[in-house]
Amino acid sequence: MAESEKVHESKHHRPRVQKEQQNGNFTDLLSLNERKLKDQEERETIVLWRRPVTTLRYFFLEAIIDFKEWAIKLWQRRRFVLTLLFLLAVAAVAYNVEGEHQQFVHFVEKKFLWCAYWVGLGILSSVGLGTGLHTFLLYLGPHIASVTLAAYECNSVNFPEPPYPDKIVCPDEKLKETISLWAIISKVRLEACMWGAGTAIGELPPYFMARAARLSGTETDEEFEEILEHGQNSEDLPTRARMAVQNLVQRVGFFGILACASIPNPLFDLAGITCGHFLVPFWTFFGATLIGKAIIKMHIQKLFVIIMFSKHIVEQMVSLIGAIPKLGPSLQKPFREYLEAQKHKLHHKSGDKIEASENWLSWLFEKIVIAMVCYFILSIVNSMAQSYAKRIQSQKYTEEKMK
């Protein structure tokens, strides 16, 4: 009887204990989430215009840690590094030794630097630690627009080299052929594809970070799981858009990544994070991203810019500016002067001197470029400082779990 009473009591007592344990775990989870929210709010205050000393200190410490990690990775891949250094040494010898091969060397050098320039701008556009420098609007878009305007003015795309691609000058022979859309697309295809390839390369860091977090099971991976859980029931439009991108990539795979990469959208970083989290193979992710960004999306963007800056569209836009009541004529004048100045420059020979004329449109564009570059640098400093703060907070959580 005594044993049966003990068993009966233990049966009634056990659910209470389990319930108390569950309540305790739930309370701990709530307090942990509150701490994480407070830590996130604290990290967001680490910016140059609010806490400059702390931000700069954390930025340099994070830069040292990143430098050490890169040095270790290079040492682990020392065979590849040595092979690359050997090839660079051979190229340096071929570049400096005189001979008939110099003509080919200079041609390769010019093409390589030109491609590297646009690839670098593409990387800056998409990497930027979540900020990015809008190099399409600042560099590639204006380049395509200038080539389009020059093609219609010169009735040709056979610009003499040099100075093209550094500077566009109409060829000496006067042609009366009709400029086709395909001819302009072919003229700027190399620059556009290299820029698109750079944007695809810039999408790799989120993929590798999410993949490493998943394989190691760190706190970042736990945070991503929480975002997925809360995002399923969220009614917020940006959150629903993010979840739509994640679901498309997760369910469709290669073609889902290709669809997201082919359409200009600011949420593609989430595709990289999703692919890394669900351990999508590297070549599946990068192959779809490269095809989508460097081929499909770039042709869409090129077509848009070329059509917008075709001769009749530009003339209609300038005339529409003049139709604005009261301000129209005053706004139309600088645009006409700028277009006339650009057309005048196209007919100068490479050795002729061009009088420098200041225009408020060019002055404004230069200041916008400077402002965006400064913002890009500041955002990188803030992001790296916040990353170091998050590193410290994660270390505290780990130490508390070990106790």
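Quick caveat: nothing in here was measured; it's all calculated off a predicted structure.

**With respect to the packing of helix H4 (residues 102–126) against helix H5 (residues 135–154)**
With their axes 9 Å apart at the nearest point, H4 and H5 run at an angle of 145 degrees to one another. Of the residues in H5, those touching H4 at Trp 114, Tyr 117, Trp 118, Leu 121, Gly 122, Leu 124 and Ser 125 are Thr 135, Tyr 139, Leu 140 and His 143. Grouping the constituent residues of the contact of H4 with H5 by class yields seven nonpolar, four polar and no charged.

**Focus on the packing of aromatic side chains**
Evaluation of the coordinates by the stated rule reveals 15 aromatic pairs. Relative to Trp 118, the ring of Tyr 117 has its centre 5.1 Å away and its plane inclined at 75 degrees; by these criteria the two rings are edge-to-face. We classify Trp 118 as buried; its relative accessible area is 3%. Aromatic pair Tyr 207 and Phe 208: ring centres 5.3 Å apart, planes at 70 degrees, arrangement edge-to-face. Given a relative accessible area of 0%, Tyr 207 falls into the buried group. Among the aromatic residues, those joined into a ring-pair cluster are Tyr 207, Phe 208, Phe 282, Trp 283, Phe 285 and Phe 286. Its guanidinium or amino end placed over the ring of Trp 75, Arg 78 lies 4.6 Å from that ring's centre, counting from NZ or CZ.

**Side note on the pattern of salt bridges**
In the structure shown here, the tally under the stated rule is three salt bridges. One salt bridge in this structure joins Arg 391 and Glu 62, with 2.9 Å as the shortest N-O distance. Linking Arg 391 in helix H16 (residues 360–402) with Glu 62 in helix H2 (residues 52–76), this pair joins segments that are 329 residues apart in sequence. Notably, a salt bridge pairs Glu 203 with Lys 293, separated by 3.8 Å at the nearest N-O pair. Here Lys 293 lies in helix H13 (residues 282–308) and Glu 203 lies in the loop between helix H7 (189–202) and helix H8 (204–216), a separation of 90 residues in the sequence. As far as burial versus exposure is concerned, Glu 203 and Lys 293 are alike and both buried.

Quick notes on the rules
- Residues numbered from 1 in each chain as written.
- Predicted model: local features only at pLDDT ≥ 70, side-chain atom pairs only at ≥ 80, totals over all residues.
- Heavy atoms only, no water.
- Axes fitted to C-alpha atoms, helices over the stretch in contact; angles between N-to-C directions.
- Helix = DSSP H or I, 4+ residues; strand = E, 2+ residues; numbered from the N terminus.
- Contact = heavy atoms within 4.5 Å.
- Nonpolar A, V, L, I, M, F, W, Y, C, P; charged D, E, K, R; others polar.
- Phe/Tyr/Trp six-rings, centres within 6.5 Å; stacked < 30°, edge-to-face > 60°.
- Buried < 20%, exposed > 50% of the residue type's maximum accessible area, 1.4 Å probe, protein only.
- Lys NZ or Arg CZ within 6 Å of the ring centre and 35° of its normal.
- Salt bridge = Lys/Arg side-chain N within 4 Å of Asp/Glu carboxyl O.

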